[in-house]
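# Close look at the chain arrangement
Letter by letter, the chains look like this.
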Amino acid sequence: MEKIKGVSAWIFIIASIVFGIIIFTASASLIAKQIENTNRQTIADNIADLYNTLKMVCINEGVGSQSYYEIDLPENVRAVYVSKSEYAEPPDKVSVLISNKESSVGNYFCYQLWDENLPKCRKLLCNLNFTYIGSPSLKNDLPTLISRIVGGTPVYKYRLQIRKLKDWFLIVEAKQIIKE
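A brief look at the structure comes next.

Spatially, 1-6-7-4-3-2-5 is the arrangement adopted by the seven strands of the open sheet, whose pairing is mixed. Since the sheet does not close on itself, it has two edges, and those belong to strand 1 (66-74) and strand 5 (133-134), each with one partner. Of the pairings in the sheet, the one linking strand 6 (residues 155-166) to strand 7 (residues 169-177) comprises nine bridges and is antiparallel in character. Opposite Lys 157, over in strand 7, you have Ile 177 as the bridge partner.

Right, here's the structure in full:
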């Protein structure tokens, strides 16, 4: 009889441990999903704010006006760009275009994350000549290296110069800023 009590106690202990591991794993998974969703929402909000700034300059500012905008983009942002079509994906080697400070022309303001199949685009009334921004080509620069050493993910900071060249045409030049 005492053997049965000892075996049942061990079964109870093992079942409790297994149940605890399941609860811990499920909780950790939910927390990770929530963090990812919060990060995605922050990215969407920052890019929407940039879109609204471009829209305001396009509609409200006069020819020759100039303004500046700073934006932080985490590593999971593949590219922010403009295109002539609502469904145009960024070029295949967009990270090289970002590193080379190349630009595109169009009236659809778009962005794409690395783990998404389709970009998200919104139409602007103005045409833009917009320097590609996002994750540059994978090269070991000092800020990226430091970020990886401390266990974080790199964040790329850009300062955009927005100039209204003529009615319904903006030039947006981006410069990457080294974070302090």
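After that view of the structure, there is still more to cover.
Turning our attention to unusual backbone geometry. Among all residues save glycine, negative phi is the norm, and among peptide bonds the norm is trans. Positive phi, close to 60 degrees, is recorded for Lys 101, a residue that is not glycine. With a relative accessible area of 55%, Lys 101 lands in the exposed category. In this structure, Trp 168 takes a positive phi of about 65 degrees despite not being glycine. Summarising the element assignment, Trp 168 is placed in the loop between strand 6 and strand 7.

If you trace the backbone, Asn 46 turns up in helix 1 (residues 2-60). With 27 residues separating them in the primary sequence, Asn 46 and Leu 73 have C-alpha atoms 8.5 Å apart. Setting aside anything within four residues of it in sequence, one finds Asn 46 in contact with Tyr 69, Ile 71 and Asp 72.

A word on the state of the cysteines. Summed over all chains, the structure comprises two disulfides. Disulfide pairing places Cys 58 opposite Cys 126 at an S-S distance of 1.9 Å. An S-S torsion of about 100 degrees defines the bridge between Cys 58 and Cys 126 as right-handed. Here Cys 126 lies in strand 4 (residues 120-131) and Cys 58 lies in helix 1, a separation of 68 residues in the sequence. Comparing Cys 58 with Cys 126 shows no difference in burial state: the two are buried. With its sulfur 2.1 Å from that of its partner, Cys 110 forms a disulfide with Cys 121. Between Cys 110 and Cys 121, the S-S torsion sits near 115 degrees, and that sign places the bridge as right-handed. Placement of the pair is Cys 110 in strand 3 (residues 103-113) and Cys 121 in strand 4, with a sequence separation of eleven residues. An identical accessibility class is assigned to Cys 110 and Cys 121; each is buried. When the bonded cysteines of the protein are numbered from the N-terminus onward, they pair as 1-4, 2-3.

Once that is clear, we can look at the nonpolar core. Among the nonpolar cores identified, the biggest contains 37 residues, and Leu 54, Val 80, Phe 109, Leu 128, Phe 130, Ile 133 and Tyr 158 are the most heavily contacted of them. For this core, the secondary-structure elements that each account for two or more residues are helix 1, strand 1, strand 2 (77-83), helix 2 (94-99), strand 3, strand 4, strand 6 and strand 7. The dominant element in this core, judged by the number of residues it contributes, is helix 1, at seven residues. Setting aside anything within four residues of it in sequence, one finds Val 80 in contact with Ile 47, Leu 73, Phe 109, Cys 110, Tyr 111, Phe 130, Thr 131, Tyr 132 and Ile 133.

Definitions and cut-offs
Residues numbered from 1 in each chain as written. Predicted model: local features only at pLDDT ≥ 70, side-chain atom pairs only at ≥ 80, totals over all residues. Heavy atoms only, no water. Pairing = 2+ DSSP bridges. Helix = DSSP H or I, 4+ residues; strand = E, 2+ residues; numbered from the N terminus. Buried < 20%, exposed > 50% of the residue type's maximum accessible area, 1.4 Å probe, protein only. Contact = heavy atoms within 4.5 Å. Disulfide = S-S within 2.5 Å. Core = buried A, V, L, I, M, F, W, Y, C linked by side-chain atoms within 4.5 Å.

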